[in-house]
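Structural description and commentary
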Amino acid sequence: MATPVRLGVNIDHVATVRNARGGVHPDPVRAAREALAAGADGITAHLREDRRHITDSDIEALSRLCAEAGRPLNLEMAVTDEMLAIALRHRPHAACLVPERREEVTTEGGLAVAGQEARIEPVVKALADAGMRVSLFVEPSRAQIEACHAVGAQVVELHTGRYCHLEGDDRAVEFERLQAAATLAFDLGLEVHAGHGLDYVTAPHMLAIPEVRELNIGHFLIGEAVFTGLTSAIHRMRAAMDAVP
Ligand code: PXP
């Protein structure tokens, strides 16, 4: 039987709710513990420059939790000296470089690796030299995938946000772009992940791309947890993924 595609659960928005009142509840570390117990293969968290959800102390506690549980922590981070220093201090299993603009509501597009190779390559190298699996969050285009390979990334995470927003023929065209990008990345020796905006319907669609090895899902699962509980939401997502032949 083929190895199941991994499910990384992003717990950022547990921290968003917590921060709405400035206290300690709900605790993203408790959510991470519950997610792992429910079958998440790893935890993803984005420490943003403005600390709007996850904080430095969350990263410290999540690092400890994942180390104790023997499961990977995937730190999403902007390409800045500050974030590089934090990643090198905690040395999570994986680091995913993402674009960041203060005024955006969420990570709106992929990282422009093509054209910024000179800025990104040393950061990829520093993270990889420290033992992290480095992934780059990019749009599914040939130029971006080739640039990811050129700067020495081990993984590309394909941005699925556009796919999730589109409908009908436009969605089918975007699927073809995702498939072509995944094939190219795989042929270049890169591991392929996908994420952003995925839900019970669209996550299984990504598993129709045979090169995809990991999905990272946050907002939808945390939203569903309000109605069904986090464990149940993760079980249902896992079941939807496992139902793909
Ligand atoms: N992957 C990356 C690189 C992201 O930046 C995000 C959003 O933080 C996600 C996956 C998860 O997206 P969503 O919260 O929409 O599921």
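As the structure is a prediction and not an experimental result, all values here were calculated from the model.

Moving on to the overall build of the protein chain. Scanning the protein chain for helices and strands turns up 11 helices and eight strands. A compact globule built from 245 residues would reach a C-alpha radius of gyration of about 18 Å, and the protein chain, at 17 Å, matches this within 12%. With the C-alpha coordinates of the protein chain rotated into their principal frame, the extents come out at 45 × 40 × 40 Å. Of the roughly 11100 Å² that the protein chain leaves accessible, carbon and sulfur atoms contribute 55%.

Pairing is parallel around the closed barrel formed by eight strands, whose spatial order is S1-S2-S3-S4-S5-S6-S7-S8. Taking the axes of each pair of neighbouring strands and ignoring which way they run, one obtains an average angle of 25 degrees across the sheet. The sheet contact formed by strand S1 (residues 6-10) and strand S8 (residues 212-217) spans four bridges and is parallel. Bridged to Leu7 within S8 is Leu215.

What follows deals with the packing of aromatic side chains. This structure, assessed with the given rule, holds two aromatic pairs. Its guanidinium or amino end placed over the ring of Tyr163, Arg171 lies 4.7 Å from that ring's centre, counting from NZ or CZ.

Further remarks concern the environment of Leu230. Here Leu230 shows up in helix H11 (residues 230-242). When the C-alpha atoms of Leu230 and Lys125 are compared, they prove to be 36 Å apart, with 105 residues separating the residues in sequence. In this view, Leu230 contacts Ala31, Glu34, Ala35, Leu221, Ile222 and Ala225; residues no more than four positions away in its chain are not counted.

Glancing now at the site of the ligand. Taken together, 14 residues lie near the ligand, and Glu76, Glu157, Gly197, Gly218 and His219 sit nearest. Side-chain polar atom of Glu157 to a nitrogen atom of the ligand: 2.5 Å apart, as the coordinates give it. In the model, an oxygen atom of the ligand is placed 2.8 Å from a nitrogen or oxygen of the Gly218 main chain. Protein chains shield 95% of the accessible area of the ligand, which is 400 Å² for the free molecule. Spatially, the ligand is embedded in the largest pocket. Its residues assigned to classes, the shell around the ligand shows four nonpolar, seven polar and three charged.

Right, let's get into unusual backbone geometry. Of note, the bond from His25 into Pro26 is cis; its omega dihedral lies within 30 degrees of zero at -5 degrees. Along the polypeptide, Pro26 turns up in the loop between helix H1 (12-21) and helix H2 (28-37). The backbone of Arg51 shows a phi angle near 55 degrees, a positive value even though the residue is not glycine.

Moving on, we get to the pairing of strand S4 (residues 94-97). The alternating pattern of S4 places Ala94 and Cys96 on one face and Ala95 and Leu97 on the opposite face, and all of these are buried. Following the backbone out of strand S3 (residues 73-77), through helix H4 (residues 81-90) and into the adjacent parallel S4, one traces a crossover that is right-handed. Pairing geometry for S4 and strand S5 (residues 133-138), over four bridges, is parallel. Looking at the pairing, Ala95 lines up with Val134 of S5.

What follows deals with the side chain of Thr44. Among the structural elements, Thr44 can be located in strand S2 (residues 42-46). You can call Thr44 buried: its relative accessible area is 1%. If sequence neighbours within four positions are ignored, Thr44 has contacts with Val9, Asn10, Ile11, Asp12, Asn74, Glu76 and Asn216.

The rules behind the values
- Residues numbered from 1 in each chain as written.
- Predicted model: local features only at pLDDT ≥ 70, side-chain atom pairs only at ≥ 80, totals over all residues.
- Heavy atoms only, no water.
- Helix = DSSP H or I, 4+ residues; strand = E, 2+ residues; numbered from the N terminus.
- Rg over C-alpha atoms; globule rule 2.2 N^0.38 Å.
- Areas by Shrake-Rupley, 256 points an atom, 1.4 Å probe, with all protein chains shown as cover.
- Pairing = 2+ DSSP bridges.
- Axes fitted to C-alpha atoms, helices over the stretch in contact; angles between N-to-C directions.
- Phe/Tyr/Trp six-rings, centres within 6.5 Å; stacked < 30°, edge-to-face > 60°.
- Lys NZ or Arg CZ within 6 Å of the ring centre and 35° of its normal.
- Contact = heavy atoms within 4.5 Å.
- Near = heavy atom within 4 Å.
- Polar contact = N/O pair within 3.5 Å; in protein donor to acceptor, adjacent residues only side chain to side chain.
- 1 Å grid on protein atoms, 1.4 Å probe; cavity = no way out; pocket = protein on both sides within 12 Å on 5 of 7 lines; lining within 4 Å.
- Sits in = over half its atoms within 2 Å of the grid points.
- Nonpolar A, V, L, I, M, F, W, Y, C, P; charged D, E, K, R; others polar.
- Buried < 20%, exposed > 50% of the residue type's maximum accessible area, 1.4 Å probe, protein only.
- Right-handed = clockwise from strand over helix to strand, strands pointing away.

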